[in-house]
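Secondary and tertiary structure notes
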2 protein chains.
Amino acid sequence: MRRYPPERLIAFAEQVLRAVGVRPDHGRVTAQRLVEADMRGRGGHGLIRLPLYVSRIEAGGVNLDPDIRVVRENRVSALVDGDNGLGQPVMTLATEIAIAKAREEGVAWVGTVHSNHAGAAGVYTAMALRHDLAAIYFAVANGNAMPPWGGKERLLGTNPIAAAFPAGEEIPFQLDIATTVASHGSIKVKAQAGEPLPEGWVVDEEGRPITDPDRADEGFLLPIGGYKGAGLTFMIGVLAGIMNGAAFGRDVVEFRKDLGTPTNTGQAILVLRPDLFIDMEEYRKSMDRHLRDFRSSASMTGDRVRLPGEWAWEREQESLRLGVPLPEELVVRLDELAQRVGSPARLG
Amino acid sequence: MRRYPPERLIAFAEQVLRAVGVRPDHGRVTAQRLVEADMRGRGGHGLIRLPLYVSRIEAGGVNLDPDIRVVRENRVSALVDGDNGLGQPVMTLATEIAIAKAREEGVAWVGTVHSNHAGAAGVYTAMALRHDLAAIYFAVANGNAMPPWGGKERLLGTNPIAAAFPAGEEIPFQLDIATTVASHGSIKVKAQAGEPLPEGWVVDEEGRPITDPDRADEGFLLPIGGYKGAGLTFMIGVLAGIMNGAAFGRDVVEFRKDLGTPTNTGQAILVLRPDLFIDMEEYRKSMDRHLRDFRSSASMTGDRVRLPGEWAWEREQESLRLGVPLPEELVVRLDELAQRVGSPARLG
């Protein structure tokens, strides 16, 4: 592991993106969101994604000078058309609009269409958190890996949901999950460690467990809670895909394999004032009290009970204090990428 | 099984509730929502609940003449204070307000406080569906049966989420799930059948599986997808409980055991126009196309792939055609209840 000041990593990624023709403002926002994921300990959606983004750009799969704009709007909602630009600037604009509307009206729903992979779900709900707002984010994943419950055609992805709620003195509650038991990232981790996959992660066409991580691609991911998670994944597909005119089901482009076809990715974010119904002070006190009740409750394992968001929060604080950690091999890959695209920046 | 016209069952429940002092309008709405659950094949939240409701009323746990009213409101949101009235009239009013606001503004968020158990989650999202609107419903369950992930104090319930999205010609997508793998109802079914519980439903204080259904109460329910489902359950608790000033965590009243204490139940419903961003005709066509893609996709089991909501839809059609099915033993129990409270109505 090597550690870097966040700004150095952002500048690095920005320069790489500029070297392949990305607009400076879009390059900067994309770099920021990627590094935020690394800072939060979500390396699978951080700078590790930069090589794939560059490959898609080089294959003509991304519009380098998109006209990202609001195409439908009312007081509490908006649809942002990303014009096939990078997902981070599209989803950042969508989140900023949702934040502004929710501050005025208490509630806002903003969707995207013709967007692209936007990285870690939790970085967008965290934007709302910095404004003392609550948020829930939904996205259609950029690839299908799961059939409907009882089926065997891959029509569903790992469609993520993220949620964030402010607190007072306590670490805020932040959830950031795929609706499948395992993500592609967690399978890759097992493969690299040479460990078998636990049963319940991946099954073959007959529903039998696949435990060899190198055979995971032959199989299907399993949804959380069986038919329940498959239902949640479909629900997210309607909210972030169908309702926005974005891809879902058979329209989803496998963005790792088909580098040149626009993905028409869709996302959606709901932003709420947490003090919609009770005063902010009362909300903060109540949230703090419940968070403390949970965190101080009896443990099954001996370790203190931890809630979603604590780990990301601690990693973020640590990254600010000590620098953002990157694995050595990623540093090497990123420097090779920078050299190849003619960017002067280096991390090694 | 015996079958009854829906109106006969509604009138029966209405008379029982009137006999114990419930206001006629509240008795009628409560009876309607309960029978709608039976019609949709969700018997666990149908008339089977009537004896418990009556017991709570007799114990003074429910306000028979509540002043159910909006206590906070803006163009797109409202908080309904149920004044400890029955949950069905409270949540029905909340849903009607959300529907009216969403028709005007496209998006609406309505919460409840000092409400009570409101029955099947899906009957409220189905109300939105009848207005060609999409809806997502959240509720804090009336009892805790699950610790936080890694803990062993019961701080979380089966907090349900329901979602409904209109379609064109296809059966609409409707999801109605607890965020635990098993519900109290599904455990009761296993107990009655004398079958063991599958592993993964209930664990003891050390995390070991409990498979004896009669010992289920000693253990903890497991969330869908481990820490992911535990996180979703907490998220629902914030949306439907904390944000509304309603019970969550240690404040939750065990409504089956403690009949007299007001539960301060909280619910929340988000209603969206599905044509917020694309024209209704385009939305319907897209939804139909995706539903057909899923339903006609290759099956793992030989049976056609089925989506959430199909079963409820078919049961509802069947109930309208042939009558609403009730088990014989429930008919006996309901008639005993009617006799005991001095209602003239009988089903037997």
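Residues numbered from 1 in each chain as written. Chains lettered and ligands numbered in written order. Predicted model: local features only at pLDDT ≥ 70, side-chain atom pairs only at ≥ 80, totals over all residues. Heavy atoms only, no water.

**What to know about the relation of the copies chain A and chain B**
Keep this limit in mind: We superpose the copies by least squares over the C-alpha atoms of residues that have a pLDDT of at least 70 in both of them. The contact definition used throughout considers only heavy atoms, calling two residues in contact when any of these lie within 4.5 Å.
Under the fitted operation, chain A is carried onto chain B by 0.0 Å of movement along the axis and a turn of 180°, and the coordinates agree to an RMSD of 0.0 Å. Here the two chains are linked by the operation of a two-fold rotation axis. Interface residue correspondence from chain A to chain B reaches 100%, placing this contact among same-surface, isologous pairings.

**Side note on the interface of chain A and chain B**
For clarity, the cut-off: Throughout, the accessible surface (probe 1.4 Å) given up by two parts as they are put together, summed over both, is called the buried area. What counts as a salt bridge is simple: a side-chain nitrogen of Lys or Arg found within 4 Å of a carboxyl oxygen of Asp or Glu. Think of a polar contact as two N or O atoms within 3.5 Å of one another; within protein, one of them needs to be a possible hydrogen donor and the other a possible acceptor, and neighboring residues in sequence only count if both atoms come from side chains. Amino acids outside the nonpolar list (Ala, Val, Leu, Ile, Met, Phe, Trp, Tyr, Cys, Pro) and the charged list (Asp, Glu, Lys, Arg) are all regarded as polar, and Gly is one of them.
The interface of chain A with chain B comprises 79 residues on the first partner and 79 residues on the second. Interface area, chain A with chain B, both sides summed: about 6,600 Å², of which 72% is carbon and sulfur. It is Met243(A), Phe277(A) and Met300(A) in chain A that bury the most area against chain B; as a group they hold 13% of the surface buried on that side. Here chain A and chain B share eight salt bridges between them. Asp279(A) is the partner of Arg72(B) in a salt bridge, and the nearest nitrogen-oxygen pair spans 2.9 Å. Across the contact surface, chain A and chain B share 20 residue pairs in polar contact (both at pLDDT 80 or more). Looking at side-chain class alone, the side of chain A that touches chain B contains 44 nonpolar, 18 polar and 17 charged residues.

**Re the packing of aromatic side chains**
Applicable threshold: Stacked, edge-to-face and tilted labels apply to pairs of Phe, Tyr and Trp rings (six-membered ring for Trp) whose centres lie within 6.5 Å, assigned for plane angles under 30 degrees, over 60, and everything in between, in that order. Under the DSSP-based scheme used, a helix requires at least four consecutive residues in state H or I and a strand at least two consecutive residues in state E, with every element numbered from the N terminus. A ring is scored as having a charge over it whenever the NZ atom of a lysine or the CZ atom of an arginine sits within 6 Å of its centre and within 35 degrees of its normal.
Taken as a whole and assessed by the stated rule, the structure comprises 14 aromatic pairs over all chains. With centroids separated by 4.5 Å and ring planes inclined at 20°, the aromatic side chains of Phe173(A) and Phe234(B) adopt a geometry described as stacked. Linking Phe173(A) in strand S7 (residues 173-178) with Phe234(B) in helix H7 (residues 227-240), this pair reaches from one chain into another. Through pairs of rings, three or more aromatic residues link up here, namely Phe165(A), Phe173(A), Phe294(A), Phe234(B) and Phe248(B). Here Arg315(A) stacks its cationic end above the ring of Trp311(A), 5.0 Å away from the centre of that ring.

**As for helix H2 (residues 24-39) of chain B**
All names here are of chain B. Applicable threshold: Expected helix span is computed as 1.5 Å times (number of residues minus one). Note on exposure labels: buried denotes an accessible area under 20% of the residue type's maximum, exposed denotes more than 50%, and partly exposed covers the range between, all computed with a 1.4 Å probe on protein chains only.
Between its terminal C-alpha atoms H2 stretches 22 Å, which fits the 22 Å expected from 16 residues at 1.5 Å a residue. By the criterion of burial, H2 is predominantly enclosed, with 12 of the 16 residues buried. Every buried residue of H2 is accounted for by His26, Gly27, Val29, Thr30, Ala31, Arg33, Leu34, Val35, Glu36, Ala37, Asp38 and Met39. Of the residues one or two after H2, Gly41 is the one with positive phi, at around 80°.

**Some remarks on the packing of helix H1 (residues 6-19) of chain A against helix H10 (residues 328-341) of chain A**
Residues and elements named next belong to chain A. Here is the rule: Here an axis means a line fitted to C-alpha atoms, over the contact stretch when the element is a helix, while the angle between two N-to-C directions is reported on a 0 to 180 degree scale. Here a crossing is taken to be left-handed if its near helix is turned anticlockwise relative to the far helix by less than a right angle, and right-handed if that turn runs clockwise.
As a packed pair, H1 and H10 sit with axes 9 Å apart at the nearest point and diverge in direction by 35°. Considering only the axes of H1 and H10, their crossing is left-handed. Across from Phe12, Val16 and Ala19 in H1, the residues of H10 making contact are Leu334, Asp335, Leu337, Ala338 and Val341. A per-class count over the contact of H1 with H10 returns seven nonpolar, no polar and one charged.

**Structural notes on the sheet that holds strand S4 (residues 107-113) of chain A**
Sheet strands pair via backbone hydrogen bonds, and the direction of the pair is either parallel or antiparallel. Residues and elements named next belong to chain A. To keep it simple, the criterion reads: In this description, strands pair whenever DSSP reports at least two bridges between them.
Spatially, S2-S3-S4-S10-S5-S6-S7 is the arrangement adopted by the seven strands of the open sheet, whose pairing is mixed. With partners counted over all chains shown, the strands left at the sheet margins are strand S2 (69-74) and S7, one partner each. Going across the sheet, the axis of each strand differs from the next one's by a mean of 10°, ignoring polarity. Strand direction decides the pairing type here: strand S3 (residues 77-81) and S4, joined by five bridges, are parallel. When the bridges of S4 are listed, Val80 appears paired with Thr112. This element, helix H4 (residues 87-105), spans S2, S3, S4, strand S5 (134-139) and strand S10 (267-272) of the sheet and lies at about 160° to S4.

**Re the environment of Gly200(B)**
Residue and element names in this part refer to chain B. You can see Gly200 is positioned in the loop between helix H6 (184-193) and strand S8 (202-203). Judged by its relative accessible area of 31%, Gly200 is partly exposed. Separated by 46 residues in the primary sequence, Gly200 and Ala246 place their C-alpha atoms 30 Å from one another. In this view, Gly200 contacts Val181 and Leu222; residues no more than four positions away in its chain are not counted.

**Digging into the layout of surface pockets**
The criterion, for reference: In this analysis the probe radius is 1.4 Å and the grid spacing 1 Å, with only protein atoms considered; a cavity is a set of points the probe fits into but cannot get out of, a pocket is an open set with protein on both sides within 12 Å along at least five of seven lines, and lining residues have an atom within 4 Å of a point. Grid points are joined across faces, edges and corners, and a volume is the space filled by probe spheres set on the points.
The calculated volume of the second largest pocket comes to roughly 220 Å³. Lining the second largest pocket we find 17 residues, and of these Met300(A), Trp149(B), Val203(B), Leu222(B) and Pro223(B) sit closest to its centre. Residues of the lining of the second largest pocket, tallied by class, amount to 11 nonpolar, six polar and no charged.

**Re the domain arrangement of chain A**
All names here are of chain A. Just so we agree on the cut-off: All domain edges in this entry derive from an automatic or database-based domain assignment.
Along its sequence, chain A is carved into domain 1 (1-58 + 320-348) and domain 2 (64-180 + 223-278). Placing a centre on the C-alpha atoms of domain 1 and another on those of domain 2 gives a separation of 23 Å. Each side of the interface is counted separately: domain 1 has 21 residues, and domain 2 has 26 residues. Between domain 1 and domain 2 the total buried area reaches about 2,000 Å² when both faces are included, carbon and sulfur atoms providing 58% of it. Its largest share of buried area at the contact with domain 2, domain 1 owes to Arg33, Arg40 and Arg56, together 33% of the area lost on that side. Joining domain 1 to domain 2, the criterion identifies two salt bridges. In this structure, Asp176 and Arg42 form a salt bridge, with 3.2 Å as the shortest nitrogen-oxygen distance. The tally of links from domain 1 across to domain 2 stands at 11 residue pairs in polar contact (both at pLDDT 80 or more).

**Quick look at the pairing of S10(A)**
Residues and elements named next belong to chain A. Counting buried positions over the six residues of S10 gives six, a clear majority of the element. Of the two faces of S10, the one lined by Gln267, Ile269 and Val271 and the one lined by Ala268, Leu270 and Leu272 are each fully buried. For S4 and S10, the ladder comprises five bridges, and the chain directions are antiparallel. The partner of Val110 across the bridge, within S10, is Ile269.

**Comments concerning the environment of Val113(B)**
All names here are of chain B. Residue position: Val113 is located in strand S4 (residues 107-113). Given the relative accessible area of 5%, Val113 is considered buried. The contact partners of Val113, leaving out residues within four places of it in the chain, are Leu79, Val80, Asp81, Gly82, Asp83, Asn244, Gly245, Ala246, Asn264 and Thr265.

**Let's talk about the nonpolar core**
Using the following cut-off: Definition used in this section: a nonpolar core is a set of buried Ala, Val, Leu, Ile, Met, Phe, Trp, Tyr and Cys residues joined via side-chain atoms within 4.5 Å.
Of all hydrophobic cores here, the largest spans 90 residues; its most connected members are Trp109(A), Phe165(A), Met235(A), Trp109(B), Phe165(B) and Met235(B). In this structure Met235(B) touches Ile136(A), Ile161(A), Ala163(A), Phe165(A), Phe173(A) and Phe138(B), once residues within four positions along its chain are discounted.

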